[in-house]
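# Observations on chain architecture
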Amino acid sequence: MDVRRAARRPGPWASIALGLSLASWSALAGCRRASNSGELGAPTGASTWDTRLEQLFDDRFTPSAVELTGRAPGDVLDQRRFSQRLGYANVILLVRVDQVWSRTLFGGQPQQRVEVTLGRALRGSLPRKTTPSQVLVLRGAEELPADAVGRVMLMFVAWAPGEIPAYHHHLMPADENVVELIEAMVRHARKEGKLDESDGRKKRRKRGADTGT
């Protein structure tokens, strides 16, 4: 990805700032079924949570951005998981960290609560009336540091209807090159017709056109 293009047009970070403004919230929410409570959650008709995705959407935080060109074993593993998250996520969006609470124990497991403002969606959309301010639960060994407040993160979301909360996620720093790569890959997938974000609506229209209905 040629980062020199940023000198010729507004770069990803300009888009991030715009995407996190409340004025752009309606574009993020899209046209899915409304959330009654305003809390982030799976829309009606979302597929059942697949437990095979637990390692990808683990409600945890990766402290460093993925190294896109690294060849060390750790880099290769991070790249593979990053690619899988891109493929399996229902929504990928930018969030701003607003507040971090200290870690506590719940059921013998450490957890941390983080208040974020939901911003621009890079892929997918959220139910209407989902409020921008959300509280996430982080589990596991990595703890989001207090100095993360004010930083922009990437959030990968997979729906988990019937669970509390009704989704699983993964957070990582919103590195400029990574954001630009995601945008390019999504544009390419849409152009090639390989990205279906319509929850079946596009397929139903196509069948109707084929049958004349």
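Residues numbered from 1 in each chain as written. Predicted model: local features only at pLDDT ≥ 70, side-chain atom pairs only at ≥ 80, totals over all residues. Heavy atoms only, no water.

## Examining the overall build of the protein
Within the protein, the regular secondary structure consists of five helices and seven strands. In the protein, which comprises 213 residues, the share counted as buried stands at 40%. If you take every contact in the protein between residues at least 6 apart in sequence, the share linking residues at least 24 apart comes to 73%. (Helix = DSSP H or I, 4+ residues; strand = E, 2+ residues; numbered from the N terminus. Buried < 20%, exposed > 50% of the residue type's maximum accessible area, 1.4 Å probe, protein only. Contact = heavy atoms within 4.5 Å.)

## Brief notes about the pattern of salt bridges
Evaluation of the coordinates by the stated rule reveals four salt bridges. The partner of D50 in a salt bridge is R52, and the shortest N-O contact between them spans 2.8 Å. A relative accessible area of 71% means that R52 is categorised as exposed. The partner of R139 in a salt bridge is D59, with the nearest N and O atoms 3.0 Å apart. Placement of the pair is R139 in strand 5 (residues 133-139) and D59 in the loop between helix 2 (25-29) and strand 1 (60-61), with a sequence separation of 80 residues. (Salt bridge = Lys/Arg side-chain N within 4 Å of Asp/Glu carboxyl O.)

## Examining unusual backbone geometry
The omega torsion across I164 and P165 is -5°, close enough to zero to call that bond cis. Along the chain, the position of P165 falls in the loop between strand 6 (152-159) and strand 7 (167-173). Although it is not a glycine, D59 sits at a positive phi angle of roughly 60°. In this structure, K129 is a non-glycine residue whose phi angle is positive, near 70°. Here K129 falls in the exposed class, since its relative accessible area comes to 59%.

## Quick word on helix 3 (residues 73-88)
A rise of 1.5 Å per residue sets the reference length of helix 3, with its 16 residues, at 22 Å; its end C-alpha atoms lie 23 Å apart and thus fit the reference within 8%. The set of residues buried in helix 3 consists of Q79, F82, R85 and L86. Looking straight down helix 3, one finds its buried side chains confined to an arc of 125°; they lie on one side. Seen from the buried face of helix 3, the exposed residues on the opposite side, beyond 90 degrees, are P73 and Y88. On the buried face of helix 3, the contacting elements are strand 2 (91-100), strand 4 (109-123), strand 6, strand 7 and helix 4 (176-191). (Expected span 1.5 Å × (residues − 1). Arc of directions from axis to C-beta.)

## Points about the nonpolar core
Nonpolar side chains in soluble globular proteins generally cluster together in the buried interior. Counting residues in hydrophobic clusters, the biggest one holds 22 residues, and the most contacted among them are F57, F82, I92, L154, F156 and I182. Residues contacting F57, with those up to four places away along its chain left out, are W49, R85, Y88, A89, F156, V157, A158, H168 and H169. Membership of the second largest hydrophobic core comes to 20 residues, among which are V95, V97, V114 and L171. (Core = buried A, V, L, I, M, F, W, Y, C linked by side-chain atoms within 4.5 Å.)

## Some remarks on the side chain of T130
In this fold, T130 is placed in the loop between strand 4 and strand 5. Reaching out from T130, the side chain makes a polar contact with the backbone oxygen of P127 at a distance of 2.7 Å. (Polar contact = N/O pair within 3.5 Å; in protein donor to acceptor, adjacent residues only side chain to side chain.)

## Some words on helix 4
One turn of the α-helix equals 3.6 residues, which is why residues spaced by three or four share an orientation. In this model helix 4 runs 23 Å from its N-terminal to its C-terminal C-alpha over 16 residues, within 8% of the 22 Å that 1.5 Å per residue would give. Listed as buried for helix 4 are V178, V179, E180, I182, E183, A184, V186 and A189. Residue D175 occupies the N-cap position of helix 4, its side-chain oxygen lying 3.0 Å from the main-chain nitrogen of N177. Among the residues trailing helix 4, G193 stands out with phi positive, at a value near 70°.

## With respect to the confidence of the model for the protein
For the protein, the mean per-residue pLDDT works out to 77, and 72% of the residues sit at or above 70. Considering only residues more than four positions removed or in separate chains, one finds that residues 1-32, a stretch of pLDDT under 50, has 62 contacts. Contacts of residues 198-213 to residues separated by more than four positions or lying in other chains number six contacts, the stretch itself having pLDDT below 50. (pLDDT = per-residue confidence, 0-100.)

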